[in-house]
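Here are the chains, one letter per residue:
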Amino acid sequence: MSVYDLTGRKALVTGGARGLGEGMARALAAAGASVVIADIREDLGKATAESLRQAGAAAEFVALDVTAEDGWAQAMPQAIGHLGGLDILVNNAGIEITSLLVDVDPAELRRMLEVNVLGTALGLKHGFRAMRPGGPGNRGERPGGASQDHAIVNISSVAATIAFPGIAGYSATKSAVDRLTRVAAAESGRLGYGVRVNCVYPGLVPTEMGNQLAVDCATIGLFPSPQEAAGAVAGLTPLGRLGEVPDIADAVVFLASEGARFITGAGLPVDGGMGM
Ligand SMILES: NC(=O)c1ccc[n+]([C@@H]2O[C@H](COP(=O)([O-])OP(=O)(O)OC[C@H]3O[C@@H](n4cnc5c(N)ncnc54)[C@H](O)[C@@H]3O)[C@@H](O)[C@H]2O)c1
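Our subject in this report is the structure included herewith.

This part is about the sheet that holds strand β3 (residues 59–63). Strand order in this open sheet of seven strands is β3-β2-β1-β4-β5-β6-β7, and the pairing throughout is parallel. The two strands at the open ends of the sheet, each matched to only one other strand, are β3 and β7 (267–270). Geometrically, the sheet is characterised by an average inter-axis angle of 20 degrees between neighbouring strands, direction not taken into account. Pairing of strand β2 (residues 34–39) with β3, which is carried by five bridges, proceeds in the parallel orientation. What sits directly across from Val36, in β3, is Glu60. With respect to the sheet, helix α2 (residues 42–54) is in contact with β2 and β3, its orientation differing from that of β3 by roughly 170 degrees. Seen against the sheet, helix α5 (residues 168–191) touches β5 (150–155), β6 (195–202) and β7 and runs at an angle of roughly 165 degrees to β6.

In structure tokens form, the structure reads like this:
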């Protein structure tokens with residue numbers, strides 16, 4: 001069996017109802033994992049899980065607002081109940097609100113901090129509690145004595161590795177996701193949790209969020225049009241194009257797999273070289 005195969009693995013993807021998270025759920029399922037999609041968008045999340053099932057995957061939906069401690073306390077046992085364990089957590093849920101620094105709205109910045117930083121921190125907390133030895137998602141040793149490889153993948157952004165105008169607040173929150181990842185990996189190692197923790201820095205992908213960012217960059221006067229905003233990003237990218245959902249999802253599958261068994265505390269740019 002390939003070290004990238006996820007047959008029998010159990011994965012939870014936050015923000016999996018649409019966009020990159022949906023793509024990650026599909027890619028994890030295609031690699032053999034059972035998946036639970038957790039999202040605030042209940043109708044959309046249920047429809048995405050149904051479409052995954054129709055494609056032959058084992059997929060379920062649980063309602064979760066990643067900013068709510070009691071939400072995690074309810075969703076995690078539900079997800080473990082559906083899956084029969086937990087091996088992989090992808091902290092993908094996030095929001096982006098474009099603004100020049102001269103126009104920063106405290107409520108908007110607080111909201112980004114809540115979803116992107118607090119949401120990821122709570123995901124790490126509840127993921128560790130579920131997957132560490134003795135945790136309700138930890139299924140112990142595999143036949144033959146090999147220990148389970150548990151993994152958390154956080155979704156940062158190229159915005160944490162470059163300076164692009166209009167996204168200062170968002171960039172700050174995604175830089176925080178980067179640091180949360182490193183400290184989480186250190187704590188997991190020091191305390192013997194057996195959970196690898198890594199993050200990816202996706203480049204711009206034209207999901208609903210990515211498209212809205214291009215529109216907003218034009219609206220605040222940074223570019224004449226959304227097309228020129230997207231074109232400027234592609235122009236800064238050595239591979240010469242924007243990202244596509246599977247570009248990011250396949251990197252998440254890699255970091256979640258046995259193929260990444262000696263990788264923890266790392267940040268993987270998946271941005272066509274934009275952030276180098
Ligand atoms: N699209 C890009 O260009 C891009 C680039 C770099 C990083 N990212 C990051 O990738 C992740 C996914 O982005 P996307 O483009 O798919 O965005 P998207 O807006 O298309 O999808 C985000 C999903 O997260 C869910 N969500 C939002 N707030 C939530 C909350 N409080 N609790 C639970 N779910 C919540 C939404 O309902 C939605 O399903 C985000 O963390 C984003 O910051 C995106």
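The next thing to look at is the environment of Leu20. Checked against the element boundaries, Leu20 lands in helix α1 (residues 19–30). For Leu20, a relative accessible area of 17% gives the class buried. Along the primary structure Leu20 and Pro202 are separated by 182 residues, whereas in three dimensions their C-alpha atoms are 9.5 Å apart. Apart from the residues within four sequence positions on either side, Leu20 is in contact with Asn92, Pro202, Val205, Thr207, Val245 and Ile248.

In the structure shown here, the tally under the stated rule is 12 salt bridges. Residues Glu208 and Arg18 are paired through a salt bridge, measuring 3.1 Å at the closest nitrogen-oxygen approach. With Glu208 in helix α6 (residues 208–219) and Arg18 in the loop between β1 (10–14) and α1, the pair connects residues that are 190 residues apart, well separated along the chain. Using a relative accessible area of 53% as the deciding quantity, one classes Glu208 as exposed. Across the pair Arg241 and Asp247 runs a salt bridge whose closest N-O atoms are separated by 2.8 Å. Given the relative accessible area of 40%, Arg241 is considered partly exposed. Connected through shared salt-bridge partners, Glu50, Arg53 and Glu60 make up one network.

Once that is clear, we can look at the nonpolar core. A general feature of soluble globular proteins is that nonpolar side chains tend to end up buried together. Grouped together as the largest cluster of nonpolar side chains are 33 residues, with contacts concentrated most on Met24, Leu28, Leu52, Val90 and Val200. No other element matches helix α8 (residues 245–256), which puts seven residues into this core. Apart from residues no more than four positions distant in its own chain, Met24 is found in contact with Val13, Val90, Asn92, Ile155, Ile248, Ala249 and Val252. Listed in part, the 27 residues of the second largest apolar core include Leu64, Leu83, Val115 and Tyr193.

Glancing now at helix α3 (residues 69–83). End to end, α3 covers 21 Å across 15 residues, agreeing with the expected 21 Å (1.5 Å per residue, within 8%). Those residues of α3 that fall on the buried side of the exposure criterion are Gly71, Trp72, Ala75, Met76, Ala79, Ile80 and Leu83. Packing partners of the buried residues in α3 comprise β1, β2, β3, β4 (88–91) and α4 (106–131). One or two residues past the end of α3 sits Gly84, with phi positive at roughly 80 degrees.

What surrounds the ligand is a group of 29 residues, the closest being Leu20, Asp39, Asn92, Tyr170 and Thr207. Between the ligand and the protein, one listed contact pairs a nitrogen atom with a backbone N or O atom of Val66 at 3.0 Å. A distance of 2.6 Å separates an oxygen atom of the ligand from a polar atom in the side chain of Tyr170. If the ligand stood free it would expose 830 Å²; the protein chains cover 96% of that surface. Counting residues per element, the ones that place at least two in the shell around the ligand are α1, α5 and α6. In terms of residues, the shell around the ligand owes the most to one element, α6, which gives three residues. Of the residues that constitute the shell around the ligand, the class distribution is 14 nonpolar, nine polar and six charged.

Basis of the calculations
- Residues numbered from 1 in each chain as written.
- Predicted model: local features only at pLDDT ≥ 70, side-chain atom pairs only at ≥ 80, totals over all residues.
- Heavy atoms only, no water.
- Pairing = 2+ DSSP bridges.
- Helix = DSSP H or I, 4+ residues; strand = E, 2+ residues; numbered from the N terminus.
- Axes fitted to C-alpha atoms, helices over the stretch in contact; angles between N-to-C directions.
- Contact = heavy atoms within 4.5 Å.
- Buried < 20%, exposed > 50% of the residue type's maximum accessible area, 1.4 Å probe, protein only.
- Salt bridge = Lys/Arg side-chain N within 4 Å of Asp/Glu carboxyl O.
- Core = buried A, V, L, I, M, F, W, Y, C linked by side-chain atoms within 4.5 Å.
- Expected span 1.5 Å × (residues − 1).
- Near = heavy atom within 4 Å.
- Polar contact = N/O pair within 3.5 Å; in protein donor to acceptor, adjacent residues only side chain to side chain.
- Areas by Shrake-Rupley, 256 points an atom, 1.4 Å probe, with all protein chains shown as cover.
- Nonpolar A, V, L, I, M, F, W, Y, C, P; charged D, E, K, R; others polar.

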